[in-house]
Amino acid sequence: MPPFDREGALKSAEKALRQGRIDAAIAEYVRVVEAQPRDWNSANALGDLYVRANQLDKGLQQFTRIADHLAVEGFYSKAAALFKKILKLKPDDEYALLQSGDLAARQGTLADAKKHFQAVADRRNARGDVKGAAEMAIRLGTLDPEDLEARMRAAQLAAETGDVATALREFREVAARYEKQDRGAAALA
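Residues numbered from 1 in each chain as written. Predicted model: local features only at pLDDT ≥ 70, side-chain atom pairs only at ≥ 80, totals over all residues. Heavy atoms only, no water.

Draft legend 1. Fine view of the overall build of the protein. On a plain count of helices and strands, the protein comes out with 11 helices and zero strands. Helices and strands in the protein line up, N terminus first, as α-α-α-α-α-α-α-α-α-α-α. Taken over the C-alpha trace, the protein has a radius of gyration of 23 Å; the compact-globule value for 189 residues is 16 Å, which it surpasses by more than 25%. With the C-alpha coordinates of the protein rotated into their principal frame, the extents come out at 75 × 30 × 30 Å. (Helix = DSSP H or I, 4+ residues; strand = E, 2+ residues; numbered from the N terminus. Rg over C-alpha atoms; globule rule 2.2 N^0.38 Å.)

Draft legend 2. Main features of the packing of helix H1 (residues 6-18) against helix H2 (residues 22-35). For the pair H1 and H2, the least separation of the axes is 7 Å and the interaxial angle reads 165 degrees. Between H1 and H2, the interaxial angle falls into the category roughly antiparallel. For the crossing formed where H1 meets H2, the hand is left-handed. Along its contact with H1, which presents Arg 6, Ala 9, Leu 10, Ser 12, Ala 13, Glu 14, Ala 16 and Leu 17, the element H2 presents Ile 22, Ala 24, Ala 25, Glu 28, Tyr 29, Arg 31 and Val 32. A class-by-class count of the residues in the contact of H1 with H2 yields 10 nonpolar, one polar and four charged. (Axes fitted to C-alpha atoms, helices over the stretch in contact; angles between N-to-C directions. Parallel < 35°, antiparallel > 145°, perpendicular 65-115°, else oblique. Left-handed = near helix turned anticlockwise from the far one by under 90°. Contact = heavy atoms within 4.5 Å. Nonpolar A, V, L, I, M, F, W, Y, C, P; charged D, E, K, R; others polar.)

Draft legend 3. Layout of the side chain of Glu 170. Within the fold, Glu 170 resides in helix H10 (residues 164-180). By relative accessible area, which is 2% here, Glu 170 ends up buried. Within the structure, the side chain of Glu 170 is placed 3.3 Å from the side chain of Arg 169, a separation counted as a polar contact. Contacts of Glu 170, omitting those with residues within four sequence positions, involve Thr 142, Arg 151 and Ala 155. (Buried < 20%, exposed > 50% of the residue type's maximum accessible area, 1.4 Å probe, protein only. Polar contact = N/O pair within 3.5 Å; in protein donor to acceptor, adjacent residues only side chain to side chain.)

So, to be careful, I would describe these as geometric facts and stop short of saying anything about function.
Right, here's the structure in full:
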């Protein structure tokens, strides 16, 4: 079996696009991505083609696969850009919101992380997912180590939902921070 001709497939895809045959271009890019799954540029182009062909789910699937890989490899800003692209196409994509929040937290942009996590919490509240909303509230509360009030709320929610380990950890850490600030009464409470 001869080796896969990536360049030939890409040329065929470009020709098909110039002729307005988007399905043929998609087929060529699928061949490229199947033969070389780590060809992220081709996978991204395939995602774009799927979106142009109104196959949104397939496009989002390509973008998510690439973004997840980039995040694992430590390319947080590139992964965040792809998740932003996903959210532009599907603003209520919970997985993309969560990943965007995690990536923002890793990059130290806590305001962005809070915005994404709050959007997930709001969605979960709206659909009546009390436990899921509480999980997000805990995550929001533990996000910023300096926001002691939020951490206290998170600890209380963790205790109410049965997450004893998180509750104890947060109560202890908040108490220790209050003691360092010479706020003994607050630490004791």
